[in-house]
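Here are the chains, one letter per residue:
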Amino acid sequence: MPPETTADAPVSTRTAVRERAARNRKLTVYAVRAGVLAAFLGLWELGARTEVVDPFNFSQPSRIWDQIWQWVTHGTAQGSLGEQIGYTLYEALGGWVIGVTGGVLLGIALGRIRFLAEVFGPYIKVLNAIPRIVLAPIFLIWFGLGPASKVASAVVLVPVFFNAFQGARGVDRNLVANARILGADNRKVTLQVVIPAATTWIFTSLHFGFALIGAIVGEYIGATKGLGLLVAAAQGTFNAAGVYAAMTIFAVVALLTEGLLTFAEKRLFRWKPADSGDGR
């Protein structure tokens, strides 16, 4: 192989320096994040032990950890902790799958068929203006305490339909016109132009956390199992540590699921330029 030219050496050196700086910056960010969390928990624990803050109402990190450990080792009043997490994930996943599938199909259909968009447009605006979380009590009345009402709550919180609708409506008309000039019919235009163009819109709304929120709110209002029921039960017994413990578990589950979705999105959209995050 030919030796590295003198022009290539500075380029490779600058690249290595930039990569090293990026790694150092990432490590610094992680370290500062951990330090902020540790400082917050330490001040909270100290404030509760010295009664600067009321430990009955605000609890303290050590009691929250004890509550989580008790649930892990001895289970909850409703069953094992894994069962509660699994039940909530089952409801949220069911609502997420239905919301994504139905949202994409209906959103693309209404975005492509102008007559349907004109007919249902005002109703879509009304539905989008309603805080959908308030529908959870209605679903509880309709479907009862079982998982169906929580799945329905999760479905309405997944915003895929509105993004798919806007993505289909916002496709560059020149692309559609060029596809028709090349002989594409409506089906090919939809599959080869509209859906790929709307994919970015759709992926920005694939947040599993919204479905989790819907499931947990439904469980909080009325359920037989789930993380939301743990929050409601702890609140009913004035167990502040239990409320915070259930919220902590929910946060960890949400972060893990969102991390998996983010990883999938990066794998599917490797062609997109990375966001530097520095505002430039």
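Residues numbered from 1 in each chain as written. Predicted model: local features only at pLDDT ≥ 70, side-chain atom pairs only at ≥ 80, totals over all residues. Heavy atoms only, no water.

A. Just unusual backbone geometry, in detail. The phi torsion at Glu 51 lies on the positive side, around 60°, for a residue other than glycine. Positionally, Glu 51 belongs in the loop between α1 (8–49) and α2 (55–58). For Phe 238, which is not glycine, the phi torsion reads 55° and is therefore positive. With respect to the helices and strands, the residue Phe 238 is situated in the loop between α12 (227–236) and α13 (240–268). Classification of Phe 238 as exposed rests on a relative accessible area of 62%. (Helix = DSSP H or I, 4+ residues; strand = E, 2+ residues; numbered from the N terminus. Buried < 20%, exposed > 50% of the residue type's maximum accessible area, 1.4 Å probe, protein only.)

B. Region of the structure containing the pattern of salt bridges. This structure, assessed with the given rule, holds two salt bridges. Note that Glu 45 and Arg 49 form a salt bridge whose closest N and O atoms lie 2.7 Å from each other. Of the two residues, Glu 45 and Arg 49 both sit in helix α1, four residues apart, roughly one turn of that helix. Residue Arg 49 is classed as exposed on the basis of its relative accessible area, which comes to 59%. Salt-bridge contacts for Glu 83 lead to Lys 225; the nearest nitrogen and oxygen are separated by 2.5 Å. Residue Glu 83 is located in helix α4 (residues 81–112), and its partner Lys 225 is located in the loop between α11 (208–221) and α12; the two are separated by 142 residues in the primary sequence. By relative accessible area, which is 31% here, Glu 83 ends up partly exposed. (Salt bridge = Lys/Arg side-chain N within 4 Å of Asp/Glu carboxyl O.)

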